[in-house]
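Below, each chain spelled out in residue letters.
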Amino acid sequence: MAADRTDTRTAPAPRPGILDIAPYVPGTSVLPGAGPVVKLSSNETPLGPSPKAVEAYLGEAARLARYPDGSARSLREALGAEHGLDPARIVCGAGSDELLNLLAVAYLGPGDEAIYTEHGFLVYKITIQARGATPVVAPETNHTADVDAILARVTPRTRMMFLANPNNPTGTYLPAAEIERLHAGLPGHVLLVLDGAYAEYVRRDDYEAGAALVSANDNVVMTRTFSKIYGLASLRIGWAYCPEAIADTLNRIRGPFNVTGPSIAAGVASIGDRAHLETAVAHNLAWLPRMAQRLAEIGLPTTPSVANFLLVHFPQTPGKTAPEADAYLHGRRIVLRRVDEYGLPDALRMTIGTDAENAAVLDALTAFMGDAGAV
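Residues numbered from 1 in each chain as written. Predicted model: local features only at pLDDT ≥ 70, side-chain atom pairs only at ≥ 80, totals over all residues. Heavy atoms only, no water.

### Focus on the domain arrangement of the protein chain
Item 1. Once the domains are mapped, the protein chain shows domain 1 (30–47 + 275–371) and domain 2 (51–273).
Item 2. Put simply, the middle of domain 1 and the middle of domain 2, counted by C-alpha atoms, are 26 Å apart.
Item 3. Listed by partner, the interface residues are 26 residues for domain 1 and 26 residues for domain 2.
Item 4. Here domain 1 packs against domain 2, burying approximately 2,200 Å² in sum over the two surfaces, 64% of which is carbon and sulfur.
Item 5. If you sort the residues of domain 1 by the area they bury against domain 2, Leu277, Val306 and Tyr342 come out on top, with a joint share of 31%.
Item 6. Our count for the domain 1 to domain 2 interface comes out at one salt bridge.
Item 7. For the salt bridge of Glu278 with Arg203, the shortest nitrogen-to-oxygen distance reads 3.6 Å.
Item 8. Our count for the domain 1 to domain 2 interface comes out at ten residue pairs in polar contact (both at pLDDT 80 or more).
Item 9. Elements that contribute at least two residues to the side of domain 1 that touches domain 2 include exactly α10 (274–297) and β10 (309–313).
Item 10. The element best represented in the side of domain 1 that touches domain 2 is α10, accounting for eight residues.
Item 11. Of the residues belonging to the side of domain 1 that touches domain 2, the class tally is 13 nonpolar, ten polar and three charged. (Domains from an automatic or database assignment. Contact = heavy atoms within 4.5 Å. Buried area = accessible area lost by both parts, 1.4 Å probe. Salt bridge = Lys/Arg side-chain N within 4 Å of Asp/Glu carboxyl O. Polar contact = N/O pair within 3.5 Å; in protein donor to acceptor, adjacent residues only side chain to side chain. Helix = DSSP H or I, 4+ residues; strand = E, 2+ residues; numbered from the N terminus. Nonpolar A, V, L, I, M, F, W, Y, C, P; charged D, E, K, R; others polar.)

What follows is the structure, encoded as structure tokens:
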């Protein structure tokens, strides 16, 4: 006799709390209508990937039927040689986002708390909530992480602290001495995760991405990415430098082939092309202060940034607000990043683009602000 299927069965339900998570919304990529778009909404490098990386990627085409090296050994060894790190303590992933999630899987659960800063990367909150843990927000000072505010929010339930340094979307950073002070104030069971997605852009004597702190301690992890200065965002390559025990833990739970063969090859080739990286750094160093100065001259202050983007602040005067500027720029087929969800409704984030793209933004915003001058 067939089972009665006119029953009271219900559809599968996600774990409590999952549907309370606000999904991550990327920056706008396309606009209605025909014609090219100046896309400066996602902090992508304007110079693209190294030609050597493209060549290495294409060279993997004949091996697509084969699984990649599950340990990404060649990439880990290249990273170790480049940064003076032990490859055995490097874990690679499908973007640093995957590694952030794996850390949460391993070290967070219901009843735990994890801290991130007021305008920190939105993925941190999503990652914390996805594990059933409680996100705790530490206020910032002048759009910069505040060590004392972070430490004041540590409780017996705190298990992790996520810190983007430099921070997205503000572009601000904490110097090495402040990072050390933060770590010294955390209990030993709290994992400090230093997200250095924009570390390669920073040229400050007091900055350290976190490798030295990881090497000397058991409760610090540094994550990095190939999505920004290396121009491999579409390939999703990230890596983490970890204490031995944490590397072992992540390797137990990550997917066995979580980084593709073409990605591994392109990553290794990118590391080997230092000239391309230095060209990207030089381009950013030239344009970042110039853009900040010109924007200030037309009445749009920016938060001081050490990354490859600027947080541009708009007045609340009707006709000159950030949402109105966003709409005006869309009319000129220019896309910046709305950052309302970061608690910054009066700002737009602008990636440093090519010479022509930067000039187009300056021209458009000059017109928007009512200045008769031209770029």
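Once the structure has been displayed, the description carries forward.
### Let's talk about the UniProt feature "modified residue: N6-(pyridoxal phosphate)lysine" (unreviewed entry) in the protein chain
Item 1. UniProt feature "modified residue: N6-(pyridoxal phosphate)lysine" (unreviewed entry): in the numbering of this structure it lies at Lys228.
Item 2. For Lys228, a relative accessible area of 16% puts it in the buried group.
Item 3. Each residue touching Lys228, except ones within four places of it in the same chain, is listed here: Ser42, Asn43, Thr45, Ala197, Tyr198 and Tyr201.
Item 4. Only 3.4 Å separates the side chain of Lys228 from the backbone oxygen of Ser42, close enough to count as a polar contact. (UniProt positions renumbered as here; feature names shortened; annotations may be inferred. Buried < 20%, exposed > 50% of the residue type's maximum accessible area, 1.4 Å probe, protein only.)

### A few points about the packing of helix α3 (residues 95–107) against helix α8 (residues 244–253)
Item 1. The geometry of α3 relative to α8 is characterised by a closest axis approach of 10 Å and an angle of 100° between their N-to-C directions. With respect to their mutual orientation, α3 and α8 come out roughly perpendicular. Each of Leu102, Leu103, Val105, Ala106 and Tyr107 in α3 lies in contact with α8, whose residues at this interface are Ala245, Ile246, Thr249, Leu250 and Ile253.
Item 2. Looking at the contact of α3 with α8 residue by residue, the classes come out as nine nonpolar, one polar and no charged. (Axes fitted to C-alpha atoms, helices over the stretch in contact; angles between N-to-C directions. Parallel < 35°, antiparallel > 145°, perpendicular 65-115°, else oblique.)

### Here's the deal with the nonpolar core
Item 1. Residues Leu75, Phe226 and Trp239 are the most contacted members of the largest nonpolar core, which totals 55 residues.
Item 2. Not counting residues within four places of it along the chain, the set of residues in contact with Trp239 comprises Leu79, His83, Leu85, Ile90, Val91, Cys92, Leu99, Met222, Thr223, Arg224, Thr225 and Phe226.
Item 3. Membership of the second largest hydrophobic core comes to 31 residues, among which are Ala104, Phe121, Val193 and Val221. (Core = buried A, V, L, I, M, F, W, Y, C linked by side-chain atoms within 4.5 Å.)

### Quick word on the packing of aromatic side chains
Item 1. With the rule as written, the count across this model stands at nine aromatic pairs.
Item 2. Geometrically, the ring pair formed by Tyr67 and Phe257 is stacked, given 4.6 Å between the ring centres and 25° between the ring planes. With a gap of 190 residues between them, Tyr67 in the loop between α1 (51–59) and α2 (73–83) and Phe257 in the loop between α8 and α9 (261–272) connect regions that are remote in the sequence.
Item 3. Using a relative accessible area of 40% as the deciding quantity, one classes Phe257 as partly exposed.
Item 4. Ring centres 5.4 Å apart and planes at 50° place the aromatic pair Tyr328 and Phe368 in the tilted group. With Tyr328 in helix α11 (residues 322–331) and Phe368 in helix α12 (residues 355–368), this residue pair connects regions lying 40 residues apart in the sequence.
Item 5. Among the residues examined, Tyr328 registers a relative accessible area of 30% and is labelled partly exposed. (Phe/Tyr/Trp six-rings, centres within 6.5 Å; stacked < 30°, edge-to-face > 60°.)

### A look at the pairing of strand β8 (residues 238–241)
Item 1. Every second residue of β8 is oriented toward a common face, with Gly238 and Ala240 on one face and Trp239 and Tyr241 on the other, all of them buried.
Item 2. Relative to β8, strand β2 (residues 90–93) runs antiparallel, the two sharing four bridges. Looking at the pairing, Cys92 lines up with Trp239 of β8.
Item 3. Taken together, the four bridges between strand β7 (residues 220–225) and β8 define a ladder with antiparallel strand orientation. Looking across to β8, one finds that Arg224 is bridged to Trp239. (Pairing = 2+ DSSP bridges.)

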